[in-house]
Amino acid sequence: MARRRRKTLTPDIAAKIRYLAQNTELFQHQIAAALDINQGRVSEVLNNKRYPE
């Protein structure tokens, strides 16, 4: 079975991550699944390691 290509983390996706984390009760893994990205990227955004602005 072929692997699915995941989205590249962009400033727009980082903004969506922050919005979902602040305005919903979703867990990081749920945000990652909703945006089709790796949970590690969600953690990096929320801990200001990527796209800190």
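Residues numbered from 1 in each chain as written. Predicted model: local features only at pLDDT ≥ 70, side-chain atom pairs only at ≥ 80, totals over all residues. Heavy atoms only, no water.

**A closer look at the overall build of the protein**
Phase 1: A tally of regular secondary structure across the protein gives three helices and zero strands.
Phase 2: Helices and strands appear in the protein in the N-to-C order α-α-α.
Phase 3: The proportion of buried residues among the 53 residues of the protein is 28%.
Phase 4: Expressed as a percentage of contacts within the protein between residues at least 6 apart in sequence, the contacts between residues at least 24 apart total 56%.
Phase 5: If you sum the accessible surface of the protein, you get close to 4,200 Å²; carbon and sulfur atoms cover 49% of it. (Helix = DSSP H or I, 4+ residues; strand = E, 2+ residues; numbered from the N terminus. Buried < 20%, exposed > 50% of the residue type's maximum accessible area, 1.4 Å probe, protein only. Contact = heavy atoms within 4.5 Å. Areas by Shrake-Rupley, 256 points an atom, 1.4 Å probe, with all protein chains shown as cover.)

**Topic: the pattern of salt bridges**
Opposite charge on two side chains allows them to pair when their charged atoms are near.
Phase 1: The full count for this structure, using the stated rule, is three salt bridges.
Phase 2: Between E44 and R41 there is a salt bridge, with its nearest N and O atoms 2.9 Å apart. Of the two residues, E44 and R41 are both situated in helix 3 (residues 39-46); the distance of three residues between them amounts to about one turn of the helix.
Phase 3: On the basis of relative accessible area, R41 is assigned to the partly exposed category, the value being 27%.
Phase 4: The shortest N-O distance in the salt bridge between E44 and R50 comes to 2.6 Å.
Phase 5: By relative accessible area, R50 is classed as partly exposed at 37%.
Phase 6: Each member of the salt-bridge network shares a partner with another, and the members are R41, E44 and R50. (Salt bridge = Lys/Arg side-chain N within 4 Å of Asp/Glu carboxyl O.)

**A word on the nonpolar core**
Phase 1: Grouped together as the largest cluster of nonpolar side chains are eleven residues: L9, I13, A14, I17, L20, I31, A32, L35, I37, V42 and V45.
Phase 2: Per element, the largest residue contribution to this core is four residues, and it comes from helix 1 (residues 11-23).
Phase 3: The contacts of V45, once residues within four sequence positions are left out, are L9, A14, I17, R18 and R50. (Core = buried A, V, L, I, M, F, W, Y, C linked by side-chain atoms within 4.5 Å.)

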